[in-house]
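# Per-entry structural report
Single-letter residue listing:
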Amino acid sequence: QVQLVESGGGLVQAGGSLRLSCAASGRTFSSYGMGWFRQAPGKEREFVAAISWSGGITFYGDSVKGRFTISRDNAKKTVLLQMNSLKSEDTAVYYCAARGSRWAGAARTQYEYDYWGQGTQVPVSS
């Protein structure tokens, strides 16, 4: 079993920055791909970013490319999402997710993830 806990959300002004953190526990963190998704009110969950187990491969959603950066610290069992140049349309609940299969890489679709955190809210004021 895997437990994921997000932190770092909160109100931020448009143009500002925020860093989200996801702490994992329950298994060998370094062997699994990780991802971030978000869901705005009334919208479907959207892919934000993903990172392979080694950290060597990353993917980004088109709407955040060039503004957000995903990284991981396997020693600390943490995955980070650095969000810069935030826009009002980035307002959402952000979720951390983990792949279920060992050595599974980064993935863009939510159906490829087996474990989810509870989410952290990021309201961006314009």
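Residues numbered from 1 in each chain as written. Predicted model: local features only at pLDDT ≥ 70, side-chain atom pairs only at ≥ 80, totals over all residues. Heavy atoms only, no water.

### What about the overall build of the protein chain?
A count of helices and strands for the protein chain gives zero helices and twelve strands. Going residue by residue from the N terminus, the α and β elements of the protein chain occur as β-β-β-β-β-β-β-β-β-β-β-β. For 126 residues, the compact-globule formula gives about 14 Å, and the C-alpha radius of gyration of the protein chain, at 13 Å, lands near that figure. The principal-axis extents of the C-alpha atoms in the protein chain amount to approximately 40 × 25 × 25 Å. Residues classed as buried in the protein chain amount to 45% of the 126 residues present. Considering only contacts within the protein chain whose residues lie at least 6 apart along the sequence, 60% involve residues at least 24 apart. Surface accessibility of the protein chain: about 6300 Å² in total, with carbon and sulfur atoms responsible for 46%. One way to put it: in the protein chain the 14 positive side-chain charges average out to a point 6 Å from where the 9 negative ones average out. (Helix = DSSP H or I, 4+ residues; strand = E, 2+ residues; numbered from the N terminus. Rg over C-alpha atoms; globule rule 2.2 N^0.38 Å. Buried < 20%, exposed > 50% of the residue type's maximum accessible area, 1.4 Å probe, protein only. Contact = heavy atoms within 4.5 Å. Areas by Shrake-Rupley, 256 points an atom, 1.4 Å probe, with all protein chains shown as cover. Lys, Arg positive; Asp, Glu negative; His and termini not counted. Charge placed at Lys NZ, Arg CZ, Asp CG, Glu CD.)

### Some thoughts on the nonpolar core
Judged by nonpolar contacts, the single largest core of 28 residues is most densely connected at Met 34, Trp 36, Val 79, Leu 81, Met 83 and Tyr 94. Taken together, the elements giving at least two residues each to this core come down to β3 (18-25), β4 (34-39), β5 (46-51), β7 (68-73), β8 (78-83) and β9 (92-99). Those residues within four positions of Met 34 in sequence are excluded, and the remaining contacts are Leu 4, Cys 22, Phe 29, Ala 50, Ile 51, Ile 70, Arg 72, Val 79, Cys 96, Ala 97, Ala 98 and Tyr 113. In this structure, Phe 37, Ala 50, Ala 106 and Tyr 113 belong to the second largest nonpolar core, which totals seven residues. (Core = buried A, V, L, I, M, F, W, Y, C linked by side-chain atoms within 4.5 Å.)

### Thoughts on the environment of Val 48
Structurally, Val 48 can be placed in strand β5. Sequence separation between Val 48 and Cys 96 is 48 residues; the distance between their C-alpha atoms is 9.9 Å. Those residues in contact with Val 48 that sit more than four places away from it in its chain are Trp 36, Phe 37, Arg 38, Phe 59, Tyr 60, Gly 61, Val 64, Phe 68, Leu 81 and Tyr 94.

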